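Here's the letter readout for the chains.
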Amino acid sequence: MRSSRVGSAPSARTSVLAVAGGVVALCLAVHHLWPAVLSLLVGGAVYYLLAPLVSLLERRRVPRIASTLLLAGLLGGGVATAAWYLVPRVYGEFSSLVSQLPDRLMRLERWLVEESGVLGEGSDERVQAAIDTLLRRSGGVAMELVHRLFGVAMAASGSASSVLFGLIAGLYLLLSGHEVARGLPRWIPPAHRERWVRFGRASSRVLAAYVRARVVASIFIGVSYWIAFALLGLNHALLLAVVGGLLNFIPVVGPLLAAIPAVIVAAFQGVGLVLGVGAVMIVAQQVESLLIGPLLEGRSVRLPPIAIVVVVATGAAIAGIPGMLLAVPVAGLARTALDIFYREAWCERAE
């Protein structure tokens, strides 16, 4: 018995090194093989979103292939309908926002001169020169931002094939994922099989809860922002709601980033609207944090907010936007690996 306990320590270290190597390999893959990673992400998201419904229909004696094709058709039809409705309207609001930018800058300069006195007579020359330079360059910065956004859109359209492959992979996972899960343990040495099986199951639960919670929360945030902004009379309500919903996929940091453009647009319509927009965003985020998160995600990732901020910032530094999207689930998997391979090994040696 003593020899088996002593022998478990090297295997635990080896397992954690293998998980760390997997994280490093994922970072390299995001940099160099992003289309393949995108296909895996889309396939995994489709699988985790639809797997509970497929299992429910299967228990009601609906063949697995029929339920998979039915749900995949409903999902594809819903996404296509949403894209058909949203894309032209979001593009129109974005074009309107860009065309109104020079007028908004002139209004800002006039306010600085007439109301605030920052650029009026007797103002500090250095402050005046700095603001003049900022206003002159803001137009160029805005156009550069537009070009970058169009570049992102073109890159996204170029990734359409990766998304298509991901959808196909998700369908195959729904059809035969349970068989793959049963066959994978045969490739693990018997001495380490039990821990790795538990790690795989725990990781699947973490990813499933995270994906479902992020998708539902982002849809809720986007729809609630759209309705509330439209009722408040905020310009470009649909564009700002879509931005808020997409950025909500990034935990903690995303909602803060989404608040910046919404508050700036509201500021040109009055201070009262700024307060209204801020209240709407705070209430929506509280509903997500207190209801949607605990119901769908629970404590699957088990990371405090400060840790989420750190890992999201690290992901952004390593791989930009893809790194921000992947940072939290990867950190959750690392936490799961430490629990199973190190913490439990320590407890066994202590016993």
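Cut-offs used in this document
Just so you know, the residues in each chain are numbered from 1, in the order the chain's sequence is written. pLDDT decides what is reported in this predicted model: residues at 70 or higher carry local features, side-chain atom pairs at 80 or more are listed and counted, and totals for whole chains, interfaces and linings draw on all residues regardless. Side-chain measures here rest on the full set of heavy atoms in the structure, leaving out hydrogens and waters. The working definition used for a salt bridge is a side-chain nitrogen of Lys or Arg within 4 Å of a carboxyl oxygen of Asp or Glu. In plain words, nonpolar cores are sets of buried Ala, Val, Leu, Ile, Met, Phe, Trp, Tyr and Cys residues tied together by side-chain atoms within 4.5 Å. Relative accessibility under 20% of the residue-type maximum defines a buried residue, over 50% an exposed one, and the middle range a partly exposed one, all with a 1.4 Å probe and only protein chains included. Helix and strand definitions follow DSSP, with helices as H or I runs of at least four residues and strands as E runs of at least two, each counted in order from the N terminus. We call two residues contacting when some pair of their heavy atoms lies within 4.5 Å. Ring pairs shown here join Phe, Tyr and Trp side chains whose ring centres sit within 6.5 Å, with only the six-membered ring taken for Trp; geometry is labelled stacked below 30 degrees between planes, edge-to-face above 60, and tilted in between. By the criterion adopted, a ring carries a charge over it if an Arg CZ or a Lys NZ lies within 6 Å of its centre and within 35 degrees of its normal.

K.L.:
Describe the pattern of salt bridges, listing the residues and the values that go with them.
P.N.:
Under the counting rule described, the total for this entry stands at 4 salt bridges. Here glutamate 58 and arginine 64 are joined by a salt bridge, their closest N and O atoms 2.6 Å apart.

K.L.:
Talk me through the nonpolar core; I want residue IDs and the actual numbers.
P.N.:
Counting 17 residues, the largest nonpolar core has Tyr225, Phe229, Leu234, Leu240, Ala262, Val277 and Met281 as the members making the most contacts within it. With 5 residues, the top contributor of residues to this core is helix 9 (residues 271-297). In this structure phenylalanine 229 touches Leu234, Ala237, Leu240, Ala241, Ala262, Val277, Val280 and Met281, once residues within four positions along its chain are discounted. If you look at the next biggest cluster of nonpolar residues, it comprises 8 residues, including Leu38, Val46, Leu50 and Val54.

K.L.:
How would you summarise the environment of alanine 181 if you had to cite specific residues and measurements?
P.N.:
Looking at the secondary structure, you find alanine 181 in helix 5 (residues 160-183). Separated by 16 residues in sequence, alanine 181 and valine 197 place their C-alpha atoms 9.3 Å apart.

K.L.:
Explain the packing of aromatic side chains residue by residue, including any values.
P.N.:
Enumeration according to the criterion identifies 4 aromatic pairs in this entry. A centroid spacing of 5.3 Å and a plane angle of 65° characterise the contact between tyrosine 47 and tyrosine 48, whose relative ring orientation is edge-to-face. We classify tyrosine 47 as partly exposed; its relative accessible area is 22%. Their ring planes at 45° and their centres at 6.1 Å tell us that tyrosine 85 and tryptophan 226 sit as a pair that is tilted. Here tyrosine 85, found in helix 3 (residues 64-116), pairs with tryptophan 226, found in helix 6 (residues 190-232); they are 141 residues apart in sequence, far enough to count as distant. Overall, the relative accessible area of 31% leaves tryptophan 226 in the partly exposed class. The ring of tyrosine 85 carries the charged tip of arginine 89 above its face, separated from the ring centre by 3.8 Å.

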